[in-house]
Amino acid sequence: IEAVSFKDAQGKSIDFGQYKGQVVMVNMWATWCPPCVRELPAIDRFKAKFDPKEFRVLPISIDMKGKEQVEPFLASLGMDKFETYYDPQQQLGQVFPLDTIPATFILNQQGELIAFVRTFVDWDDEKAVELIRSFIKQAAPKP
């Protein structure tokens, strides 16, 4: 995946190169997309099931107003601790199709796109956990 950057809550630029060696789940969402919002608490629970050294979850909001719109919205849901990233200019549209959200893209440890879902996902489902575990294992060095 090309090094297209997006921003963290502090406004710092980030690109996927920083996550080499980890399986990465990118979840594109927006405050105006009800199924996206419905996914967020489950994504938070999902993230907690893995070692962050092996698996990174990057929810990325494409809201035009970015953080000033998203932070109060998350707070209203009681999710002010939810860690999200921002791409108000939708620059990631250069590497991911963003015409349908929620959309989730999984990158392997080399930063290659290995799976994607362009619909709502039940992240509390054990099958989702198993799928990610299998991706993490694929790259584990063979003993």
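Up top is the structure these notes are about.
Conventions adopted
- The numbers attached to residues start from 1 for each chain and follow its sequence in the written order.
- In view of the model being predicted, local features appear only for residues whose pLDDT reaches at least 70, and side-chain atom pairs are presented and counted only at 80 or more, with totals across whole chains, interfaces and linings using the full set of residues.
- To obtain the side-chain values, all non-hydrogen atoms of the structure were used and water was disregarded.
- By the criteria applied, helices consist of DSSP H or I runs no shorter than four residues and strands consist of E runs no shorter than two, each listed in order from the N terminus.
- Throughout, exposure labels follow a simple rule: accessible area from a 1.4 Å probe, protein chains only, divided by the maximum for the residue type, with under 20% read as buried, over 50% as exposed, and the rest as partly exposed.
- Should any heavy atoms of two residues lie within 4.5 Å, those residues are counted as being in contact.
- Two cysteine sulfur atoms make up a disulfide if the distance between them is within 2.5 Å.
- Throughout, nonpolar core names a set of buried Ala, Val, Leu, Ile, Met, Phe, Trp, Tyr and Cys residues whose side chains join them through atoms within 4.5 Å.

Asker: Is there a simple way to explain the environment of Phe82 in this structure?
Answerer: Mapped onto the secondary structure, Phe82 falls in the loop between α2 (67-76) and β5 (85-86). For Phe82, a relative accessible area of 7% corresponds to the buried category. Once the C-alpha coordinates of Phe82 and Gln109 are considered, the two residues, 27 residues apart in sequence, prove to be 24 Å apart. Sequence-distant contacts of Phe82, that is, excluding residues within four places in its chain, are made with Leu40, Ile43, Asp44, Pro59 and Leu74.

Asker: What is the right way to look at the state of the cysteines in this model?
Answerer: Two cysteines form a disulfide when their sulfur atoms are joined by a covalent bond. Under the definition given, this model contains one disulfide. Between the sulfur atoms of Cys33 and its disulfide mate Cys36 the distance is 2.1 Å. Looking down the S-S bond of the Cys33 and Cys36 bridge, the torsion is 80°, so its handedness is right-handed. In this structure Cys36 comes out as buried when scored by relative accessible area, which is 0%.

Asker: Sorry, what's going on with the nonpolar core here?
Answerer: Generally speaking, soluble globular proteins have nonpolar side chains that are buried together. One finds Phe16, Met28, Phe46, Phe55, Ile60, Leu92 and Phe96 to be the most contacted residues of the largest nonpolar core, which totals 46 residues. Counting only elements with at least two residues in this core, the list comes to β3 (23-29), α1 (34-47), β4 (55-61), α2, β5, β6 (103-107) and α3 (126-139). For this core, the leading source of residues is β3, giving six residues.

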